[in-house]
Each structure stands twice: as C-alpha cells, then as structure tokens.
Amino acid sequence: MRFRRVASSSRISLEFGRLPLDPLSTWQDLHNFQNKQEQFSFFFFWRRSEKYLKKMTLMIFLVMLIMESATEKLCPLRASIDVLEGEYFFLCYLESRQEHFQEEAYTVNWYKESAGKQQLIKETRRIVSQMNFLEFWPAELSDSGNYSVIHSNGKRNFTVQKWTLNVLERNKSSCFNENHLTTEIKSAGIGHSLKCSDLSVNENDSITWYKDCKKYEHETEREVNFRALTVQNSGIYTCKILISHEGTIYYSTNTIKLVVEEDAPEAFSLEIVGHHEEIETEIGKEKILNCTGFLGYYMQEDASLYWLINQTFPEQCTDIPENEPSICEEELKKLQLGNKFYITRLLRIKKVRDEDMHHNFTCMLQADESTQMKIVKLKKGKTQDLPVHIFTTGMVLALLFPFVAVAVVFVFVMFRVDFVLFYRSICRRDDTAGDGKEYDAFVSYLKDCVSPIEEEREFALKILPMILEENFGYKLCIFERDVFAGGAFVDDIHSFIDKSRRLIIILSQNYISDRAIYELESGLHKALVERKTKIILIEYTPIRDYNFLPESLSLLPSKRVVKWKKDKSLPVNSRFWKNLRYLMPAKPIKIKTTGHYNNLDLGSKTA
C-alpha cells in the first residue's frame, strides 16, 4: 500500500469517528425491563462500553493526528518546488484544507497557467489526478509552470493552494544536478542520519545509495546512519528509489551534500600568531610590524594587545603626517575569521634608523590573567644580486635591439613611399593651398618626331592625364592640349612653367628637339637657380647614355627619376604611379576604384 493511500484513508477514519452514540435512547429502552437486577447489569455493561468507546475515539484521534502529520510531511507547503526531468513526482495538498466545503459536495480541479490564463489539466497516461494528488509519470521539462488546485460546488470556487514547479534539466555527465541538492553541515564526532526522499513508495521498492556518484555498498534502506561522523564522511550522497507503475519502472532521486566540520576544541591556548623573528630591512625605509593574537572561539572583551620598545610604551599614531612620531602604535583592531576571533595591532616605523637595529620590539598579549609575548628584531638586509631571469631578459633584449632597429629602418626605407602616401591620405595634407600656382605639373615630351615615338606621345596625352587627373585629382598643363596657337612660343613656355608646381619631363633617346630642349633648360633654370619648380624625370624608354642631355641635369637628385615599365606600370596601384605621386605635391584626393586606362588598347603598341 502506498503511503499516500494511507493518508487519503484518513477521511474514512473521520467518518468513522462521527458514528452516532445516543445514550438517552438506550436509557429509555432499559425501562422496558422489569427485572431491576437485569437493569443494573445492562447499565453496568453500557458504562463499560462507554469507557471503551471513549478510548477507541481517543486512539482514532491519535491515528488521525499521525496521518495528518505524515501527509503534511508528504505535502510540503512551499510555493516553489524543483524536480529533475525524467523522475516520478507529484503535487498534493493537505486534506485539512477542505473545511470550506466539508458538508457539501464539491469537485476538485487542477489547473496550469498558460499564456496568463488558467488551463484545466486533462488526465493522460503520464499525468494523473486523484483528489488531492496530481502525479507525473514522469516529469518533463515542459511541465514547468504555475499550478493551482480549485474546489468548486457549482456556486463558488475556492483556490486551495498554488505552486510554481521548476523541472530542471538532468546533468548528463553526473548523477545529480548542482541546483537540486540540499546541504547539511554537521560537526565531527556526533551521530547523524541521512534520509531519502519523502515520496510515497511501496515498502518493497528498491532503494540504492550513491556517494560522489559511486555506489555506496550495503546501503539499501531509506536512511544512512553514522554512529560518529568524521571528516572523511563528507561528500554528496544520492538515494535512488525505483517505483513500479502499470508495468513500467520509474525512479526518483534525492541528493544531500554532507559537510562534516571538525569541532572547535573546548580548551584553547591564548597565543600570538608567529614566533620570535628577525626581519630584514634597510636604513631610511618605512617598516610596519604586525602583531596578531588568537583569542579562541569567542571574543574576550578584556583582552589587550600592545607593543613595547625596550620595555617602554611607544606613542600613539595621530594620522597627521606632520605630527607623526618616528615610531608609533596604531589602534587595536578586532577580527573574526569563521568561528575564530583575533585582535591585531600595528607598529609603524616611519624611517628605520641604525639604532633601531639594536632595539627589541616586543608584542604583549594579555587575557584571563594569561600573558603571551613575541620579540621582533630588525637587521640590515643583504644586497641582492640582480635576479637571473631579469639579467637574462636584459641581455637578450640588448642583443636583439640592434637587429630590430636595423629591421625597422630597412622596412621604412623599402616602403618609404607607401608610408608617406598613407600619411598624406590620413592627415589630408595639402601643399597646394595658397601658393598661387594654377597647375600641379607642366608635361614636357618629344613632339617633333612622329613614327618611332608615337606611343610616347600617347602616353603624354592620354595615359598620364587619365591617371593623375581623373584618379588622383591633379591638374596638368600639356602644351599641345592646353596652350592656344598664335602666342609667342618662348613666352608661353615661361608662363606655364611658372604657373606649375612641378615640371614632368618624359625622357627618351629621341627627346632632344628645339622645343623640348628649351622646355628642359627653362625647367632646369627654375629648379636649380630660382628654386621655384621641382623637376620629375620619367624615363619612358631605357637610356644608356645621358650625354645628349644638358650637363646641369646631373645636378638633380637621382631619386627624382621614375622609370616606366610598360604593361607592368599600367595598374593604378603599381610602383610607378606610387613613386610619381610621391614626387607630386601633397593634395587631398579621393582615389577611384577603377580607371579608364583599362579600356586602352596598348598591348600592340607597348609589346
């Protein structure tokens, strides 16, 4: 028989306790007897029966009280309940809560809250309601929620009890869930019992105990008894109950964390933490001496702790740096760590002097007519060598630094142009603002010959302006494109070179002509004598001999020569265009992702 079945039968016991017993009617029947002796005998029998029935009523009342207590233990009144998924569980309420409809017929309905509304629970094979019990065979994660049980007599409803059920996910790597255990803290040396779950089970149900997820041998009862606890008994105990229901085996677990602490000794010795000691320090440095006394397992109000310097009391610290003595004693402090009590006091030495090395600093602890003392002496510390790991690290860094520095310089030199261009784009640097110039560069190229240098002319008139003007926002002055015919040739060249910040000369073996040489000499004069214009040389075709050029050209820095390498130099992000932009004046620009040069059919001409 299940324990809850016994609890439910207490209602039958109550009805049995109300069986009618009418002494008056029985007494009237006695008057029908004529024999007074028989009347007396029957009266005596009735008096004995009355005493017997009173005893029976008292026994029934005691049984009811025991059953009610058991049911109360079975049906805890807590509002929030945790249970593990996959285990048998039930909700129930005390039958004593049925007083509101005691003399009337009523129905019991179980509800679960869903989307803010109460939904009547319909019985299934897994969820079964039996009067004051709602059983789960077994509980699932979806069962979490708010539950209530309501009594109704057709006219009004009465909410008997409410619960919040939390179905916890089972830990697949352990036999228990950390959030579903109770902790019991006990002292070593006492007897103690661990009790399994109070779920109603058959007396024949199998019970197995585990300690730290390992089977606890020879323990199959509802309780594990310890005659005298030891620290080794500490652990996590889990009892597993197997329950048979309609041919299926279900189970329920209960986990208890047992913590066994060693008892605090009744007798203890007053003591100062630590022993006599010598402390290393240095002259001129601040030093703080700490003295701590152990008082036991309760605070002794009469305990005192103080310092002595060569048997004399030091001054008290004032917390005012200007008025602080060279050696002072701070206020007494009381501490509690767990169930142990301490007092502590600091002695502050502002600057250690040579004479302090010869003093005895004595800590005194007094309580319950007992005195303890601890002597502290100072000594000069040894000069410590540089730690090996610090020395090794320093040597490695010292050896690596030159290599790192050389590598940094090498990277900067190799990618100097990229760094400068990146800096210009980030800082939006503009060297053209307010200089009065109209053009960023004047382009000089061979114009007299046609057949052998046609591609050079196309480079000057199409490719160069397409990249520098359309992609990078520069403004070029190309004589053949921008200078109108009819003016004085010499004056025009002087004027446009003056208006330009750079002079770009596209060099080839056939560069020299009257017009080209005049543009070159004018530019050299501006660059070397007047220092108004900087020259950029583009070596369009390889030149083996520069003797055909003016000697003054050799005075220009070699870094201002950029070499065109045909197809390799065509992409807008090639080294040629980066070097050319580096020599051009800094100007805030917005680089386009594509350029029209991709559509030029230059392959046949430059191959």
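Keep in mind it's a predicted model, so treat the numbers as computed, not measured. (Residues numbered from 1 in each chain as written. Predicted model: local features only at pLDDT ≥ 70, side-chain atom pairs only at ≥ 80, totals over all residues. Heavy atoms only, no water.)

A. Spotlight on the packing of aromatic side chains. Under the defined criterion, the tally for this structure stands at 21 aromatic pairs. Ring geometry for Tyr88 and Phe90: centres 6.1 Å apart, planes at 50°, overall tilted. Here Tyr88 matches Phe90 in class, with each residue buried. On the basis of an interplanar angle of 65° and a centroid distance of 5.3 Å, the ring pair of Trp137 and Tyr250 is categorised as edge-to-face. With Trp137 in the loop between strand S6 (133–136) and strand S7 (145–152) and Tyr250 in strand S15 (residues 248–261), this residue pair connects regions lying 113 residues apart in the sequence. In this pair, the class of Trp137 matches that of Tyr250, namely buried. Above the face of the Tyr251 ring, Lys240 is positioned so that its terminal group lies 4.7 Å from the ring centre. (Phe/Tyr/Trp six-rings, centres within 6.5 Å; stacked < 30°, edge-to-face > 60°. Buried < 20%, exposed > 50% of the residue type's maximum accessible area, 1.4 Å probe, protein only. Helix = DSSP H or I, 4+ residues; strand = E, 2+ residues; numbered from the N terminus. Lys NZ or Arg CZ within 6 Å of the ring centre and 35° of its normal.)

B. A look at the pattern of salt bridges. Per the counting criterion, the structure on display carries 24 salt bridges. With a closest N to O distance of 3.9 Å, Arg125 and Glu246 form a salt bridge. Placement of the pair is Arg125 in the loop between strand S4 (117–120) and strand S5 (127–130) and Glu246 in the loop between strand S14 (235–245) and S15, with a sequence separation of 121 residues. Neither residue differs from the other here; Arg125 and Glu246 are each classed as exposed. What you see here is one network of salt bridges that share partners, running through Asp435, Asp440, Arg501 and Lys587. (Salt bridge = Lys/Arg side-chain N within 4 Å of Asp/Glu carboxyl O.)

C. Broad picture of helix H5 (residues 388–414). The end-to-end C-alpha distance of H5 is 39 Å, a good match for the 39 Å that 27 residues give at a rise of 1.5 Å each. Leu400 marks where H5 bends most, by close to 35°; the proline Pro402 follows one to four residues later. (Expected span 1.5 Å × (residues − 1). Bend = angle between axes of the 7 residues up to and from the residue.)

D. The arrangement of the nonpolar core in detail. Phe459, Leu464, Trp564 and Trp577 are the most contacted members of the largest nonpolar core, which has 28 residues in total. Of all the secondary structure elements, the ones that give two or more residues to this core are strand S26 (441–444), helix H7 (454–471), strand S27 (476–478), strand S28 (502–507), strand S29 (534–539) and helix H11 (575–583). Leave out the neighbours within four places in its chain, and Trp577 touches Ile463, Leu464, Ile467, Leu468, Trp564, Ser569, Leu570, Pro571 and Val572. In terms of nonpolar packing, the next biggest core, distinct from the first, is built from 23 residues, Leu289, Ile349, Val352 and Phe361 among them. (Core = buried A, V, L, I, M, F, W, Y, C linked by side-chain atoms within 4.5 Å. Contact = heavy atoms within 4.5 Å.)

E. The state of the cysteines, seen in detail. Counted according to the given criterion, the structure contains four disulfides. Between the sulfur of Cys317 and that of Cys328 lies a disulfide, 2.0 Å long from S to S. Its S-S torsion of about 85° marks the bond between Cys317 and Cys328 as right-handed, since a negative value means left-handed. Here Cys328 lies in strand S21 (residues 327–329) and Cys317 lies in the loop between strand S20 (315–316) and S21, a separation of eleven residues in the sequence. (Disulfide = S-S within 2.5 Å.)

F. Focus on the sheet that holds S7. Within the open sheet, the five strands sit side by side as S1-S8-S7-S3-S4. Their pairing is mixed. The sheet terminates laterally at strand S1 (80–84) and S4, the two strands that pair on one side only. For this sheet, the mean angle separating the axes of adjacent strands, direction not counted, is 35°. The pairing of strand S3 (residues 107–114) with S7 spans six bridges and is classified as antiparallel. Bridging from a neighbouring strand, Thr107 pairs with Ser152 of S7. (Pairing = 2+ DSSP bridges. Axes fitted to C-alpha atoms, helices over the stretch in contact; angles between N-to-C directions.)

G. Quick look at the side chain of Glu135. For Glu135, the position within the fold is in strand S6. Judged by relative accessible area, Glu135 falls into the buried class, the value being 2%. A polar contact is formed between the side chain of Glu135 and the side chain of Trp137, at a distance of 3.5 Å. (Polar contact = N/O pair within 3.5 Å; in protein donor to acceptor, adjacent residues only side chain to side chain.)

H. A look at helix H6 (residues 416–427). Taking 1.5 Å of rise per residue, the twelve residues of H6 would be expected to cover 16 Å, and the 16 Å separating its terminal C-alpha atoms lies within 8% of that figure. Residues of H6 that are buried include every one of Val417, Leu421 and Arg424, and no others. Along H6, the residues classed as buried sweep out an arc of 60° about the axis, all on the same side. Facing away from the buried side of H6 by over 90 degrees, the exposed positions are Phe422 and Ile426. Close packing links the buried residues of H6 with H11. (Arc of directions from axis to C-beta.)

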